[in-house]
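Residue-level listing of the chains:
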Amino acid sequence: MSTHGDHGTGEDDQHSSASRELLILYATETGTAQETADRIARECRRARFHCRVQSMDAYPPETLISEHLVIFVVSTTGWGAEPRAMTSLWNMLLRSDLPDDLFEDMNFCVFGLGDTVYEKFCWPAKKLSRRMQSLGGYEICSRGEGDEQHRLGVDGALDPWIECLLEVLIQLYLLPHERDIIPPGRPPPRVSLSNLASDSSLNPDPLDEDTKFHTASVKCNRRITAGDWFQDVRHFEFSFEDDIKYNPGDVAVIHPSAAASEVDTFLVTMGWANVADDFFTVEHTMLDQTLPDHLPKIVSLRILFTRYLDFNAVPRRSFFQLLRYFATDELEREKLDEFVSIEGADEMYDYCQRVKRTTWEVLSEFRSARIPREYIFDLFPPLRPREFSIASSIELHPHEIHLCVAIVRYRTKLKIHRKGVCTSFLSGLKSGDILRIGVRKGFISLPTDPNTPVVCVGPGTGIAPMRAVIEQRIHEGYTNTTLYFGCRSAHKDQHYHSEWEFHAEEQKLRYRVACSRDGPEGVKRTYVQDLMKKDAQHIWTMLGQQRGILIISGSSNKMPTAVREAVRGAVERFGGRSSAEAVEYVAALEREGRLIEECWS
């Protein structure tokens, strides 16, 4: 096994117990990278490592140079973009003035999470790996790439990668004298809980004390799709006393609360109804495992499952692996063993992921499992805050944030009705209700030159950041903005159409709308990419001759790929490029920051 620089294993320079400190940095959007980081930390603990697990956005980038052993766990968003949590660290690493031996004393490795459905699979992980090597870091283990399409999900790549990682670590950092690797088994709980008297006073809410969040009052909660339309899309307006600041493309961060009626029923199912309101303290004992954001020191089970733990999440394989330790019925234990085996992967997928069976529903069926209270943070994932693109310009709406949100309701393959936790929480808000909202930096950067045109493509609720962009540009006096909007019906779900039509009449906006279901039966449906193909000469003029920017927002299904194909077609037809040159031209747009994608799965 080769080692990095002077990282040998001789008597004077071996990595012994004195250097068994390991940092795991993760960047996540949905929580999978966080869960993966926790899993890696548990496995490294077996090799006697002391791990710190932190989100990249909570880690000071300038201190990375002082670390000697780092594992990066990075998810992928949109068209191969890095998660927002990674942006600050990544921007620091991209600085041109960094020496090429900056991390010569660092060993590192990278595990990426992605989906091979998308062309730029695990792209942020690949870029991070290359950049760390170019700055002198030594990659001790080949980059891992977890694929959601694998029959075992991310675990299909993670399991063998962890095996390889532990082998390498034990060679590079010898186990302490007379200590062996800890055999697999039930991990200790990440917290210890202590009961409190019923008259104990609660601590202040940590979310109220977080200066990154601001107190908002609900000003408007209005449905903007037709009342008889299948999808409920809402326009929200929140007002603030604070002098909030944000830019087009930034996102609002909202911590939801689960419905009280669902929490009540869940607590009854778990046999916790009689102790649901008993208060206890939470002590974080396994510091290499993460806890939910803004968790107070004193809580009750009702508070935890209302605001901090998600019992409606679809459980992953690691949930079944841990649940097995708490099931007492032999048949249930056999079924759980089968689910977590490689041979049982397809059966577990059919039972759980395919039909979107929730943690609550699984526990209702494995009735012999009795979850010790100390293990609730290990079995239930955090109830994560949701991020929504801001749909307003602060210049036009001072002290306000507007959102355009589709309320998530659907039926599973088992014909069970489902609701999104956060969008259900939002849909129930009334005028005057109070909540805390944070603001995070987005990916959109608008040109300052008034002669630079902007082409916006935002079907469905992808219109949200486009509304912010358009309002901002009109406020600044720019008129060279084009909007391509896509919906199903001009009269049912053409969001904000009166605004776009007014701006178009004022010649402040070029508005093109594709209503895919309004055409005659049997005629090919029209989507935003079809309009762009018809407007190929205009597209080339805007993006090619006038060096404008293209912003794509919406669902990361086929739409972003089709829009890129339409742009490549315009480059070929009116830019005089070959097919290969058109592909490279669009790639160059992205490298130059003139093609920005804000999409979600």
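- For the chain, an unreviewed UniProt entry supplies the name NADPH-dependent diflavin oxidoreductase 1 and the organism Suillus placidus.
- Looking at the chain in UniProt, the text filed under Catalytic activity (unreviewed entry) is "2 oxidized [2Fe-2S]-[protein] + NADPH = 2 reduced [2Fe-2S]-[protein] + NADP(+) + H(+)".

Describing the overall build of the chain
Moving on, step 1. The secondary structure content of the chain amounts to 19 helices and 22 strands.
Moving on, step 2. Along the three orthogonal principal directions, the C-alpha set of the chain runs to about 80 × 60 × 50 Å.
Moving on, step 3. In the chain, which comprises 601 residues, the proportion classed as buried is 53%.
Moving on, step 4. At a minimum sequence separation of 6, the contacts of the chain that also span at least 24 residues come to 78%.
Moving on, step 5. Of the roughly 27,600 Å² that the chain leaves accessible, carbon and sulfur atoms contribute 48%.
Moving on, step 6. Placing the 71 positive and 88 negative side-chain charges of the chain at their respective mean positions leaves the two points 6 Å apart.

Thoughts on the sheet that holds strand β12 (residues 298–299)
Consider a sheet: its strands pair through backbone hydrogen bonds, and that pairing is either parallel or antiparallel.
Moving on, step 1. Spatially, β7-β11-β12 is the arrangement adopted by the 3 strands of the open sheet, whose pairing is antiparallel. Across the chains shown, the open sheet's two edge strands, defined by having one partner strand only, are β7 (191–195) and β12.
Moving on, step 2. Two elements, strand β11 (residues 280–284) and β12, share 2 bridges in a ladder whose sense is antiparallel. Bridged to Phe280 within β12 is Val299.

Things to note about the state of the cysteines
Moving on, step 1. Scanning all chains against the criterion turns up 0 disulfides.
Moving on, step 2. Between Cys220, a cysteine without a disulfide, and Cys404, which holds the nearest cysteine sulfur, the sulfur-to-sulfur distance is 12 Å.
Moving on, step 3. The thiol of Cys515 is unpaired, and the distance to the nearest cysteine sulfur, on Cys487, comes to 3.7 Å.

Points about the packing of aromatic side chains
Moving on, step 1. Considering all chains together, one arrives at 23 aromatic pairs under this definition.
Moving on, step 2. A centroid spacing of 5.2 Å and a plane angle of 55° characterise the contact between Phe111 and Trp161, whose relative ring orientation is tilted. Taken as a pair, Phe111 in strand β4 (residues 107–114) and Trp161 in helix α4 (residues 155–172) lie far apart in primary sequence, 50 residues in all. Side by side, Phe111 and Trp161 carry an identical accessibility label, which is buried.
Moving on, step 3. Judged by centre distance (5.0 Å) and plane angle (80°), the rings of Phe305 and Phe380 are edge-to-face.

Comments concerning a negative patch on the surface
Moving on, step 1. Taken together, the side chains of Asp100, Asp101, Glu104 and Asp105 make up a negatively charged region of the molecular surface.
Moving on, step 2. Tracing the sequence through the fold places Asp101 in the loop between α2 (87–93) and β4.
Moving on, step 3. Judged by relative accessible area, Asp101 falls into the partly exposed class, the value being 38%.

Quick look at unusual backbone geometry
Moving on, step 1. If you check the backbone angles, His399 has positive phi at about 65° while not being a glycine.
Moving on, step 2. With respect to the helices and strands, the residue His399 is situated in the loop between β13 (386–389) and β14 (400–406).
Moving on, step 3. His399 gets classed as partly exposed once you look at its relative accessible area, which sits at 33%.
Moving on, step 4. The backbone phi angle of Lys415 is positive, close to 65°, even though this residue is not glycine.
Moving on, step 5. The topology assignment puts Lys415 in the loop between β15 (409–411) and β16 (417–419).
Moving on, step 6. The exposure class of Lys415 is exposed, given its relative accessible area of 57%.

Examining the nonpolar core
Moving on, step 1. Residues Leu304, Phe305, Phe320, Leu323, Ile371 and Phe380 are the most contacted members of the largest nonpolar core, which totals 43 residues.
Moving on, step 2. The dominant element in this core, judged by the number of residues it contributes, is helix α8 (residues 317–323), at 4 residues.
Moving on, step 3. In this view, Leu323 contacts Leu336, Val362, Leu363, Phe366, Ala369, Ile371 and Leu379; residues no more than four positions away in its chain are not counted.
Moving on, step 4. Ranked by size, the runner-up nonpolar core spans 31 residues in total, among them Ala47, Val73, Tyr138 and Cys141.

So, the side chain of Gln494
Moving on, step 1. Along the polypeptide, Gln494 turns up in the loop between β19 (481–487) and α15 (497–505).
Moving on, step 2. Beyond its immediate sequence surroundings of up to four residues, Gln494 is in contact with Phe485, Cys487, Ser489, Glu501, Tyr511 and Val513.

Notes on the pattern of salt bridges
Moving on, step 1. Summed over all chains, the structure comprises 46 salt bridges.
Moving on, step 2. When the shortest N-O distance is used, the salt bridge between Arg52 and Glu67 registers 2.6 Å. Taken together, the residues span a long stretch of sequence, with Arg52 in strand β2 (residues 50–55) and Glu67 in the loop between β2 and β3 (69–74) at a distance of 15 residues.
Moving on, step 3. Taking relative accessible area as the criterion, Glu67 reaches 12% and is therefore assigned buried.
Moving on, step 4. We note a salt bridge from Asp337 to Arg324, for which the minimum N-O separation is 2.2 Å. Residue Asp337 is located in helix α9 (residues 330–340), and its partner Arg324 is located in the loop between α8 and α9; the two are separated by 13 residues in the primary sequence.
Moving on, step 5. Residue Asp337 is classed as partly exposed on the basis of its relative accessible area, which comes to 32%.
Moving on, step 6. Residue classification places Arg324 among the partly exposed positions, given a relative accessible area of 24%.
Moving on, step 7. Taken together, the shared-partner salt bridges connect Arg39, Glu43, Arg46, Asp155, Asp159 and Arg317 into one network.

Quick word on α9
Moving on, step 1. Taken as a whole, α9 has its buried residues at Glu332, Leu336, Phe339 and Val340. All buried residues of α9 lie within an arc of 85° about the axis, which places them on one face of the element. Along α9, the residues that are exposed and aim more than 90 degrees away from the buried face are Glu330 and Leu331.
Moving on, step 2. Of the surrounding secondary structure, the elements contacted by the buried residues of α9 are α8, α10 (345–353) and α11 (359–365).

Looking at the pairing of strand β18 (residues 454–457)
Moving on, step 1. Residues of β18 alternate between two faces, with Val454 and Cys456 on one and Val455 and Val457 on the opposite face, all of them buried.
Moving on, step 2. Summarising the sheet, β18 and β19 pair through 4 bridges and their orientation is parallel. Directly across from Val457, in β19, lies its bridge partner Tyr484.
Moving on, step 3. For the segment spanning β18, helix α14 (residues 463–475) and β19, crossover handedness is right-handed.
Moving on, step 4. Looking at chain direction, β18 and strand β21 (residues 549–555) are connected through 4 bridges and run parallel. Looking at β21, one finds that Val457 is bridged to Ile552.

A closer look at the UniProt feature "binding site: FAD" (unreviewed entry) in the chain
Moving on, step 1. Residues annotated in UniProt with the feature "binding site: FAD" (unreviewed entry) correspond here to Arg386, Glu387, Phe388, Ser389, Gly420, Val421, Cys422, Thr423 and Trp600.
Moving on, step 2. One can find Glu387 in strand β13.
Moving on, step 3. Once residues lying within four places of it in the same chain are set aside, the contact partners of Glu387 are Glu29, Arg84, Val251, Ala252, Val253 and Arg440.
Moving on, step 4. Among the polar contacts made by the side chain of Glu387, one reaches the side chain of Arg84 at a distance of 3.0 Å.
Moving on, step 5. Note on placement: Phe388 falls in strand β13.

So, how was this worked out
Residues numbered from 1 in each chain as written. Predicted model: local features only at pLDDT ≥ 70, side-chain atom pairs only at ≥ 80, totals over all residues. Heavy atoms only, no water. UniProt positions renumbered as here; feature names shortened; annotations may be inferred. Helix = DSSP H or I, 4+ residues; strand = E, 2+ residues; numbered from the N terminus. Buried < 20%, exposed > 50% of the residue type's maximum accessible area, 1.4 Å probe, protein only. Contact = heavy atoms within 4.5 Å. Areas by Shrake-Rupley, 256 points an atom, 1.4 Å probe, with all protein chains shown as cover. Lys, Arg positive; Asp, Glu negative; His and termini not counted. Charge placed at Lys NZ, Arg CZ, Asp CG, Glu CD. Pairing = 2+ DSSP bridges. Disulfide = S-S within 2.5 Å. Phe/Tyr/Trp six-rings, centres within 6.5 Å; stacked < 30°, edge-to-face > 60°. Patch = residues over 30% accessible without salt bridge, like charges linked within 9 Å, V, L, I, M, F, W, Y side chains within 5 Å. Salt bridge = Lys/Arg side-chain N within 4 Å of Asp/Glu carboxyl O. Core = buried A, V, L, I, M, F, W, Y, C linked by side-chain atoms within 4.5 Å. Arc of directions from axis to C-beta. Right-handed = clockwise from strand over helix to strand, strands pointing away. Polar contact = N/O pair within 3.5 Å; in protein donor to acceptor, adjacent residues only side chain to side chain.

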